[in-house]
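One-letter residues, chain by chain:
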Amino acid sequence: AMSMLVSPYALSATDFRIYRNEELGFEVTYPTIWEINKLSKEPVFALKNKDSSKLGVFSISVANLRFDEQQLWNTVVTDKGRSLVEQAKARFGEAVIRSAGETKLSGHRAYRTELRYVIQNLDLDFPMISVQVVCIHNRRVYLINFESPEFSYGDNKRAFQSIVHSFNFRGK
């Protein structure tokens, strides 16, 4: 099983904010160097790095589970991120899985996929890293997504790991 390596984020406790969504049953703590990214209704929660030299985005989407939990889980595990790669290839032409495997989210079974894809714009290739964590809890599917240019991935990855590590299910 793959585990999420979480390094302590070098900030004081006052350098973090808490986002809590009682209706959807979760809370997360994020560094203040990241700010809420005002989007439409989906995803439920989104952040972006305030430092424009370290472009990065983080989001949490939640959907009600409309069919069998075990069936969905089997599909996620069997797929091993291949459908994410196909979606990325359809959009960007080039995509590979860097890693994929089971992990934990707030102590619950989850699946993590890390992709590398390239955005091609005019004559520039812009390598990107995308990490997705999917978890099923209380008949809801939680999808955490993180994207960063490869050049700032190291810095952004520490924030992402800190945010994921702080994720807590609330309520039932």
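See the structure shown above.
Residues numbered from 1 in each chain as written. Predicted model: local features only at pLDDT ≥ 70, side-chain atom pairs only at ≥ 80, totals over all residues. Heavy atoms only, no water.

Chemist: Would you explain the overall build of the chain in this entry?
Modeler: When its secondary structure is counted, the chain shows three helices and ten strands. Along the chain, helices (α) and strands (β) appear in the sequence β-β-β-β-β-α-α-β-β-β-β-α-β when read from the amino end. Of the contacts made within the chain by residues no fewer than 6 positions apart, 49% connect residues no fewer than 24 positions apart. Carbon and sulfur atoms make up 51% of the accessible area of the chain, which amounts to about 9700 Å² in all. (Helix = DSSP H or I, 4+ residues; strand = E, 2+ residues; numbered from the N terminus. Contact = heavy atoms within 4.5 Å. Areas by Shrake-Rupley, 256 points an atom, 1.4 Å probe, with all protein chains shown as cover.)

Chemist: How should I be thinking about the sheet that holds strand β5 (residues 57-64) in this particular structure?
Modeler: Sheet strands associate in pairs through backbone hydrogen bonding, adopting either a parallel or an antiparallel arrangement. Judged by pairing direction, the sheet is antiparallel, and its seven strands sit side by side in the order β3-β4-β5-β9-β8-β7-β6 without closing on themselves. One side of each edge strand has no neighbouring strand; the edge strands of this open sheet are β3 (34-36) and β6 (95-105). Pairs of neighbouring strands in the sheet enclose a mean axial angle of 20°, with direction left out of account. Across three bridges, β3 lies against strand β4 (residues 45-49) in antiparallel orientation. Following the sheet pairing, Ile 36 is matched in β4 by Leu 47. Against the sheet, helix α2 (residues 82-92) touches β6, β7 (108-121) and β8 (124-137), its axis set at about 15° to β7. On top of the sheet, helix α3 (residues 153-166) reaches β3, β4, β5, β6, β7, β8 and β9 (140-149); it is set at about 160° to β9, its chief contact. (Pairing = 2+ DSSP bridges. Axes fitted to C-alpha atoms, helices over the stretch in contact; angles between N-to-C directions.)

Chemist: What is the right way to read the packing of aromatic side chains from this model?
Modeler: The description of an aromatic ring pair uses the distance of the two centres, along with the angle that the planes make with each other. Summed over all chains, the structure comprises twelve aromatic pairs. On the basis of an interplanar angle of 55° and a centroid distance of 5.8 Å, the ring pair of Tyr 30 and Phe 45 is categorised as tilted. Remark: Phe 45 occurs in strand β4 and Tyr 30 occurs in strand β2 (residues 26-31); sequence separation between them is 15 residues. Phe 45 matches Tyr 30 in its accessibility class, with the two residues each being buried. Taken together, a centroid distance of 6.0 Å and an interplanar angle of 35° make the contact between Phe 146 and Tyr 153 tilted. (Phe/Tyr/Trp six-rings, centres within 6.5 Å; stacked < 30°, edge-to-face > 60°. Buried < 20%, exposed > 50% of the residue type's maximum accessible area, 1.4 Å probe, protein only.)

Chemist: What am I meant to see in the pattern of salt bridges here?
Modeler: As enumerated under the stated definition, the model contains eleven salt bridges in all. Asp 155 is paired through a salt bridge with Lys 54; the nearest N and O atoms lie 3.7 Å apart. Here Lys 54 lies in the loop between β4 and β5 and Asp 155 lies in helix α3, a separation of 101 residues in the sequence. In this structure, Arg 98 engages Glu 150 in a salt bridge whose closest nitrogen and oxygen atoms are separated by 3.8 Å. Placement of the pair is Arg 98 in strand β6 and Glu 150 in the loop between β9 and α3, with a sequence separation of 52 residues. Relative accessible area serves as the criterion here: at 42%, Arg 98 is assigned to the partly exposed category. Since its relative accessible area comes to 30%, Glu 150 is described here as partly exposed. (Salt bridge = Lys/Arg side-chain N within 4 Å of Asp/Glu carboxyl O.)

Chemist: Would you mind showing me how to read the layout of surface pockets here?
Modeler: A water-sized probe, rolled over the atoms, reveals where empty space remains. Its boundaries defined by the atoms lining it, the largest pocket holds a volume of some 340 Å³. Along the walls of the largest pocket sit 15 residues, with Val 76, Ser 83, Leu 84, Gln 132 and Val 134 positioned nearest its centre. Listed by contribution, the elements that provide at least two residues to the lining of the largest pocket are α1 (69-79), α2, β7, β8 and β9. Residues of the lining of the largest pocket, tallied by class, amount to nine nonpolar, five polar and one charged. In this structure, the second largest pocket encloses a volume near 200 Å³. Along the walls of the second largest pocket sit 13 residues, with Arg 91, Leu 115, Ser 130, Gln 132 and Glu 147 positioned nearest its centre. At the level of elements, α2, β7, β8 and β9 are the ones that each hand at least two residues to the lining of the second largest pocket. Here the lining of the second largest pocket takes five residues from α2, the largest share from any one element. (1 Å grid on protein atoms, 1.4 Å probe; cavity = no way out; pocket = protein on both sides within 12 Å on 5 of 7 lines; lining within 4 Å. Points joined across faces, edges and corners; volume = space filled by probe spheres on them. Nonpolar A, V, L, I, M, F, W, Y, C, P; charged D, E, K, R; others polar.)

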